[in-house]
Amino acid sequence: MGKLATIKRAVLELTSTFNTSDPYTLCELLEIEWRKVSLPGHVRGLYIPVRMHNKRYVLIHKDIVPSWQRFVCAHELGHHVLHGDLMKGTHIDTFTISSTKDHTEFEANAFATFLLMVDQHLQFPFPLDAVASASQKKDSRELAQILRDRTAEYC
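Residues numbered from 1 in each chain as written. Predicted model: local features only at pLDDT ≥ 70, side-chain atom pairs only at ≥ 80, totals over all residues. Heavy atoms only, no water.

Here we come to the packing of helix α3 (residues 66-83) against helix α4 (residues 103-117). Direction vectors running N to C along α3 and α4 enclose 115 degrees, while the axes themselves pass 7 Å from each other. In this structure, α3 meets α4 at a crossing whose hand is right-handed. From α3, R70, F71, A74, H75, L77, G78, H79, V81, L82 and H83 reach across to α4, where they touch T104, E105, E107, A108, N109, F111, A112, T113, L115 and L116. Classifying every residue of the contact of α3 with α4 by side-chain character gives 10 nonpolar, 7 polar and 3 charged. (Axes fitted to C-alpha atoms, helices over the stretch in contact; angles between N-to-C directions. Helix = DSSP H or I, 4+ residues; strand = E, 2+ residues; numbered from the N terminus. Left-handed = near helix turned anticlockwise from the far one by under 90°. Contact = heavy atoms within 4.5 Å. Nonpolar A, V, L, I, M, F, W, Y, C, P; charged D, E, K, R; others polar.)

Below you can see the structure in the form of structure tokens.
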């Protein structure tokens, strides 16, 4: 099974378990505190697991548009679901616009894309051709932009 299929399956398992695809609600159900805060201009969000206190946080830049805030929350949630075992001690993931080639960043963007494409019936009604195209290029910025453009068409 390819990496994108594995990520898609993880999204479907999560959304089926909790019967929602809303990233903010999923954070709450998974006991991840999320906040919209001021962050440096190039930083869109942070995922901060603090193992010694068994706490996890998602911080989202409050000055970006709501559609990007939602994507960033889903992206950071993707790190929790997909990369939780990689994050030892206190790890901070910084989601910036320049994060394009790192495989964990790409996977978190793919997770966010699939999560935000799931409809109320826990299916993917949107065309996935553009996601596949961006996936081949391994370009996280393009993947994020595709999600933004495509979801605007269907919302």
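Right, let's talk about the packing of aromatic side chains for a bit. As enumerated under the stated definition, the model contains 2 aromatic pairs in all. On the numbers, 4.4 Å between centres and 45 degrees between planes, the contact of Y24 with W34 is tilted. With Y24 in helix α2 (residues 23-29) and W34 in strand β1 (residues 33-37), the pair connects residues that are 10 residues apart, well separated along the chain. The buried category is assigned to Y24, whose relative accessible area is 12%. Geometrically, the ring pair formed by W68 and F71 is edge-to-face, given 5.6 Å between the ring centres and 80 degrees between the ring planes. Taken together, the residues W68 and F71, both in helix α3 and 3 residues apart, mark about one turn of the helix. Like W68, the residue F71 is buried in the burial classification. (Phe/Tyr/Trp six-rings, centres within 6.5 Å; stacked < 30°, edge-to-face > 60°. Buried < 20%, exposed > 50% of the residue type's maximum accessible area, 1.4 Å probe, protein only.)

In regions of low pLDDT, the predicted coordinates are not meant to be interpreted in detail. Summing up the model confidence of the chain, the mean pLDDT is 76 and the portion of residues at 70 or higher is 64%. When pLDDT is averaged over each element of the chain, α2 comes out on top at 97 and strand β4 (residues 93-96) at the bottom at 52. Note on residues 96-100: pLDDT is under 50 here. Beyond four places in sequence and across chains, it has 12 contacts. (pLDDT = per-residue confidence, 0-100.)

On to the environment of L26. Inspection of the secondary structure assignment puts L26 in helix α2. The exposure class assigned to L26 is buried, which follows from its relative accessible area of 0%. For L26 and L14, which are 12 residues apart along the polypeptide, the C-alpha to C-alpha distance reads 8.4 Å.

Below, the discussion takes up α4. Helix length check: α4 (15 residues) gives 21 Å between terminal C-alpha atoms against 21 Å at 1.5 Å per residue, within 8%. Along α4, 14 of the 15 residues are buried, which leaves the element largely enclosed by surrounding structure. (Expected span 1.5 Å × (residues − 1).)

Right, let's talk about the pattern of salt bridges for a bit. Following the criterion strictly, the structure yields 4 salt bridges and no others. Among the salt bridges present, the one from D22 reaches R70, with a minimum N-O distance of 2.7 Å. Taken together, the positions of D22 in the loop between α1 (3-18) and α2 and R70 in helix α3 put the pair 48 residues apart, joining distant regions of the chain. A residue is classified by how much of its surface remains accessible, and D22, at 19% relative accessible area, is buried. Note that D63 is salt-bridged to K62, the shortest N-O span being 3.5 Å. We classify K62 as partly exposed; its relative accessible area is 43%. (Salt bridge = Lys/Arg side-chain N within 4 Å of Asp/Glu carboxyl O.)

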